[in-house]
Amino acid sequence: MYNMATPGWSRLQTEILNLYRQRHILKRQLSTLRTQITKNPNSLERTRVDSCHLCMKPLTCSQTVPLRYSSAVIANYKTNPFSLVETEVSTLCDKIKQKFVSEKDELKDIADYYFDGKGKFFRPMVALLMAKAVNFHNTSEDSIWSSQEEIAMIAEIIHTASLIHDDVIDGSNTRRGKPTVDSVWGQKKAILAGDYLLSVSSVALARLGNTEVVAVLSQVIEDLVRGEFMQMGSKENENDRFNHYLKKTFKKTASLLANSCKAVSILGNSNEDITEVAFEYGKNVGIAFQLIDDLLDFTSCEEVMGKPTAADLRLGLATAPVLFAAQDYPELNPMIMRRFNEEGDIEWARKLVAKSDGVAQTRMLAEEHSKEAIRQIRTLKQSIPRDSLEQLAVILLQRQN
């Protein structure tokens, strides 16, 4: 089983920490990009950070961040990763809801609540595309096996259970543009409903009859819990703090993607090398996804995100934009350690992040993980699904919510 101690992780972790410590290199890159924009404003697409990406409402941040992947880059791809598995994804919610059998109508209502077809379904989409890619690599056929489709459903169920529990822990009121489960039914029922979803996923997993896959996806649930505990703490040393943040990000977000990709690869009868490629792709895409999510917490608004922004600061969490900003503004460090719990901490932290290159450096770090994911997936035999996974690693950098 691949985990944070594997050689692949250690190598990438070292690269990331070196990137973090050698910030002058990043700042020089950013300066060059800004010079390009000054000389030719149309040379690069840009993301406005002085207002929300879509509704353009004013935000605290006032910097302009260059995007190094333009729409022209995406246009070069011949396939659309979303349409490639559209048939499977379109029926996903109904198939998942068929798994919810309860004598209590209320429990089924809660279980069904987030499976309304309005989610991004990013995790099952990645799992399904990976299934197609590894199957083509192994057999030259890109069909999806029923057991692999089951993994995509299990991944979405586990993810949804974690959302329900997270909203209870965080005290969130909205999710996907509507009231959270605990806001509607209360905390106790929300916790029980989250537990019920995990039990449904466990039953579905056991029915696959593959002990290796059971162990792989059971690791996800352990990582989710350990990641939540890690999020409750911090580190005094700056380098340790960023390492802590990356490990937490892997456990809370990337582990589900990494191990889902690994599971479909195992079920596709892949060898160990290909299974590791699948795992590494999912891990890097997952970390990049979360870095962009943390970035959007500073650059978007509630109407677009479907959930409150600046939520991480209000929860006392220092994400990548803050950790990078603290290198320029060390007065952030005591705020980080007291979890932004004094009056004025949150607004002052937002202003310091806006004055720094924290948002831009977070995007650069996400790009590094995106590039690593692409490097890994190119190990597979060329196919439309493989190209779609490569494209997906680029598209996620441009997501708006």
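Refer to the preceding data block for the structure.
Residues numbered from 1 in each chain as written. Predicted model: local features only at pLDDT ≥ 70, side-chain atom pairs only at ≥ 80, totals over all residues. Heavy atoms only, no water.

J.: Go over the pattern of salt bridges with me, naming the residues and quoting the values.
T.: For side chains bearing opposite charge, pairing can occur when the charged atoms are close. Applying the stated rule across the entire model yields 19 salt bridges. Ionic pairing is found between Glu-280 and Lys-283, a salt bridge with its closest N-O pair at 3.0 Å. Of this pair, Glu-280 and Lys-283 are both found in helix H14 (residues 272-299), three residues apart, which corresponds to roughly one turn of the helix. With its nearest N and O atoms 2.9 Å apart, the salt bridge here joins Arg-375 to Glu-372. On the criterion of helical spacing, the pair formed by Arg-375 and Glu-372 is a turn pair, its members being three residues apart in helix H20 (residues 358-377). Each of the salt bridges in this network shares a partner with another, and the network as a whole consists of Asp-166, Glu-228 and Lys-252. (Salt bridge = Lys/Arg side-chain N within 4 Å of Asp/Glu carboxyl O. Helix = DSSP H or I, 4+ residues; strand = E, 2+ residues; numbered from the N terminus.)

J.: I'd like to hear about the nonpolar core, residue by residue, with values.
T.: Soluble globular proteins tend to bury their nonpolar side chains together. Counting 103 residues, the largest nonpolar core has Phe-122, Met-130, Tyr-281, Val-322 and Leu-332 as the members making the most contacts within it. Element by element, the count of residues in this core is highest for H14, at 14 residues. Not counting residues within four places of it along the chain, the set of residues in contact with Met-130 comprises Cys-261, Val-264, Ala-278, Tyr-281, Ile-377 and Leu-389. (Core = buried A, V, L, I, M, F, W, Y, C linked by side-chain atoms within 4.5 Å. Buried < 20%, exposed > 50% of the residue type's maximum accessible area, 1.4 Å probe, protein only. Contact = heavy atoms within 4.5 Å.)

J.: Could you give me a rundown of empty space enclosed by the protein, with the residues and numbers involved?
T.: For the structure shown, the criterion picks out two cavities of 30 Å³ or more. Within this model, the largest cavity holds a volume of roughly 160 Å³. Taken together, 13 residues line the largest cavity, and the ones lying closest to its centre are Gln-231, Gly-233, Ser-234, His-244 and Ala-318. Those elements that place two or more of their residues in the lining of the largest cavity are helix H12 (211-231) and helix H13 (238-267). Broken down by element, the lining of the largest cavity gets its largest block of residues, four residues, from H13. For the lining of the largest cavity, the per-class residue count stands at five nonpolar, five polar and three charged. (1 Å grid on protein atoms, 1.4 Å probe; cavity = no way out; pocket = protein on both sides within 12 Å on 5 of 7 lines; lining within 4 Å. Points joined across faces, edges and corners; volume = space filled by probe spheres on them. Nonpolar A, V, L, I, M, F, W, Y, C, P; charged D, E, K, R; others polar.)

J.: Describe the packing of H13 against H14, with residues and values.
T.: When two helices pack together, their arrangement is given by the angle between their axes and by how far apart the axes lie. Orientation of H13 relative to H14, taken along the N-to-C sense of each, is 140 degrees, at an axis distance of 7 Å. The orientation of H13 with respect to H14, classified from their angle, is oblique. For the pair H13 and H14, the crossing hand works out as right-handed. Touching Tyr-245, Thr-249, Phe-250, Thr-253, Ala-254, Leu-257, Ala-258, Asn-259, Cys-261, Lys-262, Ser-265 and Ile-266 of H13 are Ile-274, Thr-275, Ala-278, Phe-279, Gly-282, Lys-283, Gly-286, Ile-287, Gln-290, Leu-291 and Asp-294, all from H14. Taken together, the residues of the contact of H13 with H14 sort by class into 12 nonpolar, eight polar and three charged. (Axes fitted to C-alpha atoms, helices over the stretch in contact; angles between N-to-C directions. Parallel < 35°, antiparallel > 145°, perpendicular 65-115°, else oblique. Left-handed = near helix turned anticlockwise from the far one by under 90°.)

J.: Mind laying out a nonpolar patch on the surface, listing which residues take part and the relevant values?
T.: On the surface, Ile-169, Val-225, Phe-229 and Met-232 cluster together into a nonpolar patch covering about 420 Å² of accessible area. Checked against the element boundaries, Met-232 lands in the loop between H12 and H13. (Patch = residues over 30% accessible without salt bridge, like charges linked within 9 Å, V, L, I, M, F, W, Y side chains within 5 Å. Areas by Shrake-Rupley, 256 points an atom, 1.4 Å probe, with all protein chains shown as cover.)

J.: I'd like a rundown of the environment of Ser-300, residues and numbers included.
T.: Along the chain, Ser-300 falls in the loop between H14 and helix H15 (302-305). For the pair formed by Ser-300 and Asn-401, sequence separation is 101 residues and the distance between their alpha carbons is 7.9 Å.

J.: Got a sec to walk through the packing of aromatic side chains? Specific residues and values, please.
T.: If you walk through the whole model with that rule in mind, you get eight aromatic pairs. Relative to Phe-115, the ring of Phe-100 has its centre 5.6 Å away and its plane inclined at 50 degrees; by these criteria the two rings are tilted. Highlighted residues: Phe-100 in the loop between helix H6 (92-97) and helix H7 (105-112) and Phe-115 in the loop between H7 and helix H8 (122-139), separated in sequence by 15 residues. For Phe-115, a relative accessible area of 1% corresponds to the buried category. Judged by relative accessible area, Phe-100 falls into the buried class, the value being 2%. By way of ring pairs, the aromatic residues Phe-100, Phe-115 and Tyr-196 are connected into one cluster. One cation-aromatic arrangement involves Lys-178 over Tyr-113; the distance from NZ or CZ to the ring centre is 4.0 Å. (Phe/Tyr/Trp six-rings, centres within 6.5 Å; stacked < 30°, edge-to-face > 60°. Lys NZ or Arg CZ within 6 Å of the ring centre and 35° of its normal.)

J.: Mind laying out unusual backbone geometry, listing which residues take part and the relevant values?
T.: Note: most peptide bonds trans; most residues except glycine with negative phi. If you check the backbone angles, Phe-121 has positive phi at about 55 degrees while not being a glycine. Tracing the backbone through its elements, the reader meets Phe-121 in the loop between H7 and H8.

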